[in-house]
Every structure is written in C-alpha cells, then in structure tokens.
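One-letter residues, chain by chain:
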Amino acid sequence: MKHLVMSGSILLAAAPGQALPTIADVPELAKAAVARRIDVPPSAIHILSAKPSERTPGFVVCGRIDAASDQDEGNAQAGQRFFVIIPGNFAILDQDGKALVDTYWSSNHCE
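Rules of the game
Residues numbered from 1 in each chain as written. Predicted model: local features only at pLDDT ≥ 70, side-chain atom pairs only at ≥ 80, totals over all residues. Heavy atoms only, no water. Pairing = 2+ DSSP bridges. Helix = DSSP H or I, 4+ residues; strand = E, 2+ residues; numbered from the N terminus. Axes fitted to C-alpha atoms, helices over the stretch in contact; angles between N-to-C directions. Disulfide = S-S within 2.5 Å. Buried < 20%, exposed > 50% of the residue type's maximum accessible area, 1.4 Å probe, protein only. Polar contact = N/O pair within 3.5 Å; in protein donor to acceptor, adjacent residues only side chain to side chain. Contact = heavy atoms within 4.5 Å.

> I'd like a rundown of the sheet that holds strand 1 (residues 45–52), residues and numbers included.
The strand order 1-2-3-4 describes an open sheet built from four strands, whose pairing is antiparallel. Since the sheet does not close on itself, it has two edges, and those belong to strand 1 and strand 4 (90–93), each with one partner. Recorded for the sheet is a direction-independent mean angle of 20° between the axes of neighbouring strands. Two strands pair when backbone bridges link them, and strand 1 and strand 2 (residues 59–65) are joined in this way by seven bridges, in the antiparallel orientation.

> Give a description of the state of the cysteines that names residues and reports values.
As enumerated under the stated definition, the model contains one disulfide in all. The side chain of Cys62 participates in a disulfide bridge whose partner is Cys110; the two sulfur atoms lie 1.6 Å from each other. Within this pair, whereas Cys62 is found in strand 2, its partner Cys110 is found in the segment after helix 3 (98–107), the two being separated by 48 residues in sequence. Each member of the pair, Cys62 as well as Cys110, is classed as buried.

> Before we move on, can you summarise the side chain of Arg81 with the specific residues and values?
Within the secondary structure layout, Arg81 lies in strand 3 (residues 81–86). For Arg81, a relative accessible area of 11% translates into the label buried. At a separation of 3.4 Å, a polar atom in the side chain of Arg81 contacts the main-chain carbonyl oxygen of Lys98. Reaching out from Arg81, the side chain makes a polar contact with the side chain of Asp102 at a distance of 2.7 Å. Among residues more than four places away in sequence, those in contact with Arg81 are Gly63, Arg64, Ile92, Leu93, Asp94, Lys98, Val101, Asp102 and Trp105.

Okay, structure coming up:
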C-alpha cells in the first residue's frame, strides 16, 4: 500500500497545472486580454480571425474594437485593431504601434 500511495503522489506532482486552451476557449480569452489593456465593453470587441498558430503552440487572434458601440465618439480606443496570442493572453493594439499590428496581421494572414 505504501508504494501505491507514493506513486500516486509522484503522478499528481507531475501533472500540469492548467489544461491548454482549445479553439472554443480562444474568443473569450482574447476578449479578456484586450479588455485588460483598454476599458471597453466586451460587446465592442470583435474577433475577425482565430486559428492555430503556424509558428508557436497555441492560437492567434485578430480583431477590431467596434467604433459604433463606443459611447464617446472621440474615444481613441474605437476602431483599433488588435492581435492576441493564446495561451499567454498577449494583446497588441494599434495604440502600441500600427506598424507592429500590421506586421503581426500580415505574418498571420489576418484580413
């Protein structure tokens, strides 16, 4: 019995902490990553493309923040494009540099 308990403990210690996200998880994770960067309602964040990454494990997401749902027409957040890497929840916005977003969109075949 002692060996069974010990081997079970080793197995639990070696198990990963979180399951990898699936494509079904990606839209919500991407919206959360963008929402952490800027203050917009989730309904204003639109996913244009979500797909497995060709370069790294995980997914890439391209999208845009909807200007029509923005309360303040002068808000600089409206109309911005974004790029998110999942897992990692790494979001890049036009405000970080349009050329940077252009590069990520181009290399990942975003529309």
